[in-house]
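A look at the structure
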Amino acid sequence: MNLVKPILLSLCIGILCLNANCQGKISATDGNNKLDIRDAKADVNLDQIKLQPGFKIDVWAADVPNARSMAISDNGVVFVGSRQEGSVYALVDENADGKADSKFILAEELNMPNGVAIKDGNLYVAEVSRIIRFKDIENNLANPKFEVVFDGYPEERHHGWKFIAFGPDGMLYVPVGAPCNICESENPVFASITRLDVSKPGTKPEIYAHGVRNSVGFDWHPVTKELWFTDNGRDMLGDDTPDCELNHVTSAGQHFGYPYWHAGTVKDPEFGSKGKDASDYVAPAAKLGPHNAPLGMRFYVGSMFPESFKNNAIIAKHGSWNRSKKVGYEVVMAKIDASGKVTGQEKFATGWLDDASQDVWGRPVDVQELPDGSLLISDDMANCIYRVTYSK
């Protein structure tokens, strides 16, 4: 019996199924880098998570070490970066049962590969000083290879990990955090958000926004197409100041205050006198509370959640690291009206922090919407990804 044809046929069907999404199911070819995670368990306490009525949370994928930023292909393959692990993963729900079945390890021993983004079937990954690309990644999950797109970002590791995403203009947006808690750098690329044209080899980044201490999450408003981003406030000014920020960019080149002003009104005691008046900088669209480390954010555009979620920002607060009483460790929603004004904030998911005992068992990092409108939340402490669904 000729076994070559059935094997080749099976391989082709798998690739076609991946590209066509097979009515909700995704098949992926086997490889040495593919692990079965159907029976993997996460050390979590889901009964402690408090959600709004009608919502439910489950573990979508376990055994995802240091799960950080996420990107999702049109076919529903979830790509995940890590900060401490040095790895990049692809997670596949092959049978459409609402849980990942397979984990592909796409790369290891990278330099803080936190950020991931998808464009034209290619996967982009941000290391500290470079951007790399895996071409036609869905058809090469079992044999991933990357090329260097740009290798000119600073090598400083303090705030060197990056969130990346493609904007409506087709450019790749790449933040460069301040190389310190508080400082004034001679190199203007520090404390900024840059953008890079990955379609043109040899091009250099353009600084799009200045005065951004450390942004690890941003998205574009579904209607206005304007950029919104989270920013982590400086440390060592006490427990309750300054607030972390949600910012809104209305034009290229705007300055958001760092290191001179924080949260719009807090003048820095070391560098404030070197800057301009507070009114010369863009004030935050919303103050998110002190030291709670807001990271990933996405505008909700799906149809599964109630209409009140539409076009509002869902934000993961990673949680404080040096506050005398811990705060954050939750997911919130910022309500934004048609004029672009934040009208309020409300809790979406809480419970990773026990306020009374101050015990923490999980830290939300990023949020990402699946094609069906459910929401994924990555957790780099519990090494897993949750899925939040809604039913009336």
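In short, a report on the structure. (Residues numbered from 1 in each chain as written. Predicted model: local features only at pLDDT ≥ 70, side-chain atom pairs only at ≥ 80, totals over all residues. Heavy atoms only, no water.)

Brief notes about the packing of aromatic side chains
This structure, assessed with the given rule, holds 21 aromatic pairs. With centroids separated by 5.2 Å and ring planes inclined at 80°, the aromatic side chains of F150 and Y153 adopt a geometry described as edge-to-face. The same class applies to F150 as to Y153, namely buried. Where F229 meets F256, the ring centres are 5.1 Å apart and the plane angle is 80°; that geometry is what we call edge-to-face. Here the residue F229 occupies a position in strand β17 (residues 227–231), and F256 occupies one in the loop between β19 (254–255) and β20 (261–262), the gap between them amounting to 27 residues. Comparing F229 with F256, the two get one shared label, buried. Connected via pairs of aromatic rings, a cluster forms that spans F55, Y300, F305, F309, F348 and Y390. The lysine or arginine in question, R83, covers the ring of W161, its NZ or CZ lying 3.5 Å from the ring centre. (Phe/Tyr/Trp six-rings, centres within 6.5 Å; stacked < 30°, edge-to-face > 60°. Buried < 20%, exposed > 50% of the residue type's maximum accessible area, 1.4 Å probe, protein only. Helix = DSSP H or I, 4+ residues; strand = E, 2+ residues; numbered from the N terminus. Lys NZ or Arg CZ within 6 Å of the ring centre and 35° of its normal.)

Brief notes about the state of the cysteines
According to the stated counting rule, one finds one disulfide in the structure shown. The residue that forms a disulfide with C180 is C183, at a sulfur-sulfur distance of 1.9 Å. The sign of the -80° torsion about the S-S bond sets the C180-C183 disulfide as left-handed. The buried category is assigned to C180, whose relative accessible area is 12%. You can call C183 buried: its relative accessible area is 17%. (Disulfide = S-S within 2.5 Å.)

Observations concerning unusual backbone geometry
Across the junction of T241 and P242, the peptide omega takes the value -5°, indicating a cis bond. Mapping P242 onto the fold places it in the loop between β17 and β18 (243–248). In the segment running from Y258 into P259, the intervening peptide bond is cis, with an omega of 5°. In this model, A191 sits at a positive phi of 55°, which is unusual for a non-glycine residue. Secondary-structure assignment places A191 in the loop between β13 (172–176) and β14 (192–196).

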